[in-house]
Amino acid sequence: YSHSTFALALCLQMQHRPEGAVEIVENLIGHALKSNNSELLTISHAFQAELALRQGNLPKAEQWAQA
């Protein structure tokens, strides 16, 4: 499930649809929180930081690194 979501987010990013990519990952994070899945939450946050880097959003990526 998570790998498919990450792949979809990367596809959206490559299609110049960064808002869609961010939304997909945020939905996955919401699912991880609701299901109390700490492993999925950690992986999703790491991917969110990678996506922020791909989008040139260094403050967002740094925020994850500091946490």
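Keep in mind that what you see is a predicted model, and the values were worked out from it rather than measured.

(A) Just the confidence of the model for the chain, in detail. Mean pLDDT for the chain: 94, with 100% of residues reaching 70 or above. The weakest mean pLDDT in the chain belongs to helix H4 (residues 58–66) at 86; the strongest belongs to helix H2 (residues 18–34) at 97.

(B) Region of the structure containing H2. For H2, spanning 17 residues, the distance from its first C-alpha to its last is 24 Å, which sits close to the expected 24 Å at 1.5 Å a residue. Listed in full, the buried residues belonging to H2 are Ala21, Val25, Leu28, Ile29 and Ala32. The buried side chains of H2 occupy one side of the element, clustering within an arc of 100° when seen end-on. What points out from H2, more than 90 degrees from its buried face, is the exposed set Glu19, Leu33 and Lys34.

(C) A look at the environment of Asn27. Note that Asn27 resides in helix H2. By relative accessible area, Asn27 is classed as partly exposed at 48%. A C-alpha to C-alpha distance of 14 Å links Asn27 and Ala46, two positions 19 residues apart in sequence.

(D) Structural context of the pattern of salt bridges. The full count for this structure, using the stated rule, is one salt bridge. Two residues, Arg54 and Glu50, come together in a salt bridge whose shortest N-O distance is 2.9 Å. You can see Arg54 and its partner Glu50 sitting in helix H3 (residues 38–54), four residues apart, about one turn around the helix.

(E) Spatial organisation of the side chain of Ser2. Among the structural elements, Ser2 can be located in helix H1 (residues 2–14). Accessibility expressed as a relative area gives 15% for Ser2, which makes it buried. Those residues in contact with Ser2, other than ones at most four positions away along the chain, are Leu28 and Leu40.

The rules behind each value
Residues numbered from 1 in each chain as written. Predicted model: local features only at pLDDT ≥ 70, side-chain atom pairs only at ≥ 80, totals over all residues. Heavy atoms only, no water. pLDDT = per-residue confidence, 0-100. Helix = DSSP H or I, 4+ residues; strand = E, 2+ residues; numbered from the N terminus. Expected span 1.5 Å × (residues − 1). Buried < 20%, exposed > 50% of the residue type's maximum accessible area, 1.4 Å probe, protein only. Arc of directions from axis to C-beta. Salt bridge = Lys/Arg side-chain N within 4 Å of Asp/Glu carboxyl O. Contact = heavy atoms within 4.5 Å.

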